[in-house]
Amino acid sequence: MMGLVILILIIVGLVALILSYTKQDSIKQIESQLEENSITMMQELYKVKKKIRVLEEEMMIGDRDKFKG
């Protein structure tokens, strides 16, 4: 009886060990996806800021032309 309990505990321990490794892999995947999304968002934000800067410059040039004429 005692041998059966020890065997069951060893099996449960091995299963828990295997599950912990697969869990770490999924966490690494999530971290990788989050990092990729973060980089993409930063790139898109940079593009939007650049476009806004160009539009602001065009508006300033347009305003300056109005006051000249």
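To be clear, the structure that these remarks concern was listed above.
Quantities reported herein were computed from a predicted structural model and do not represent experimental measurements.

S.K.: Quick question: what am I supposed to make of the overall build of the protein chain here?
M.R.: If you tally the helices and strands in the protein chain, you get one helix and zero strands. In terms of overall dimensions, the protein chain is more spread out than a globule: its C-alpha atoms have a radius of gyration of 30 Å, far above the 11 Å expected for 69 residues. Judged by the C-alpha coordinates and their principal axes, the protein chain covers about 100 × 10 × 5 Å. Carbon and sulfur atoms form 68% of the exposed surface of the protein chain, whose accessible area is close to 6900 Å². Side chains of the protein chain give 10 positive and 10 negative charges; the mean places of these two sets differ by 4 Å.

S.K.: Before we go on, may I ask you to explain the pattern of salt bridges in this structure?
M.R.: In a structure, side chains of opposite charge can pair up when their charged atoms sit close to one another. In this structure the tally under the stated criterion is one salt bridge. Glu44 serves as the salt-bridge partner of Lys47, at 3.8 Å between the closest nitrogen and oxygen. In this pair, Lys47 and Glu44 both sit in helix H1 (residues 2–68), three residues apart, roughly one turn of the helix.

Reading the values: rules and limits
Residues numbered from 1 in each chain as written. Predicted model: local features only at pLDDT ≥ 70, side-chain atom pairs only at ≥ 80, totals over all residues. Heavy atoms only, no water. Helix = DSSP H or I, 4+ residues; strand = E, 2+ residues; numbered from the N terminus. Rg over C-alpha atoms; globule rule 2.2 N^0.38 Å. Areas by Shrake-Rupley, 256 points an atom, 1.4 Å probe, with all protein chains shown as cover. Lys, Arg positive; Asp, Glu negative; His and termini not counted. Charge placed at Lys NZ, Arg CZ, Asp CG, Glu CD. Salt bridge = Lys/Arg side-chain N within 4 Å of Asp/Glu carboxyl O.

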